[in-house]
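Okay, here's what each chain looks like letter by letter:
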Amino acid sequence: MWSEAQSLLIGNLCQLSGLAEATAQIRQTGAIVVEGVAISFLPGCANDSLRIAVQLGRPPEQNKLEIFQKMLELNLVIDQGDH
C-alpha cells in the first residue's frame, strides 16, 4: 500500500510527534486515534507524499460560521494541485 518513501515519511512523522510506538499500526491500518481525535493516512498524489484527514467532530454552534468559512478558505488554498 505504501511506497518506500511514504513509509519512511510515516516513520519520521511518528518519531517527530512522539508517536513512534504507533508507526507499525499506521503503516498497517492507515489510522490512529490521538487524544480522542481520529486521524487517517492515505497515499498522496506522488509516491513521496501523504494525505492526512483529521476528524475533529462538530464545531460549537457559536463558532460554526467562522469555522466553516476558515475551512473553505483553507481548502481553496491547499488544493492547488502542486502540493
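Before reading on, note that the structure itself is shown above.
It should be emphasised that the depicted structure is a prediction, and the values quoted were computed from it without experimental measurement. (Residues numbered from 1 in each chain as written. Predicted model: local features only at pLDDT ≥ 70, side-chain atom pairs only at ≥ 80, totals over all residues. Heavy atoms only, no water.)

1. Quick look at the pairing of strand β2 (residues 37-43)
Relative to β2, strand β1 (residues 31-34) is paired through 4 bridges, and the arrangement is antiparallel. Within β2, the position partnered with Val33 by the bridge is Ala38. The hairpin formed by β1 and β2 contains 2 residues between the paired strands, and Glu35 there has a positive phi angle of roughly 50°. By the bridge criterion, 6 bridges tie β2 to strand β3 (residues 50-55) in an arrangement that is antiparallel. Across the sheet, the residue bridging to Phe41 is Ile52, located in β3. In textbook terms, the turn of a hairpin is the stretch between consecutive antiparallel strands, and for β2 and β3 this stretch comprises 6 residues. (Pairing = 2+ DSSP bridges. Helix = DSSP H or I, 4+ residues; strand = E, 2+ residues; numbered from the N terminus.)

2. Some points on a nonpolar patch on the surface
Taken together, the side chains of Leu13, Ile52, Val54 and Leu56 define a hydrophobic patch exposed on the protein surface, amounting to about 380 Å² of accessible area. Looking at the element boundaries, Leu13 is found in helix α1 (residues 4-16). Residue classification places Leu13 among the partly exposed positions, given a relative accessible area of 36%. (Patch = residues over 30% accessible without salt bridge, like charges linked within 9 Å, V, L, I, M, F, W, Y side chains within 5 Å. Areas by Shrake-Rupley, 256 points an atom, 1.4 Å probe, with all protein chains shown as cover. Salt bridge = Lys/Arg side-chain N within 4 Å of Asp/Glu carboxyl O. Buried < 20%, exposed > 50% of the residue type's maximum accessible area, 1.4 Å probe, protein only.)

3. Overview of the sheet that holds β3
Strand order in the open sheet made by the 3 strands is β1-β2-β3, with antiparallel pairing throughout. Edge positions in the open sheet fall to β1 and β3, since each of these has one partner strand only. Between one strand and the next, the sheet's axes are offset by a mean angle of 25°, whatever the strand orientation. Each of β2 and β3 touches α1; the most contacted strand, β3, lies at about 45° to it. (Axes fitted to C-alpha atoms, helices over the stretch in contact; angles between N-to-C directions. Contact = heavy atoms within 4.5 Å.)

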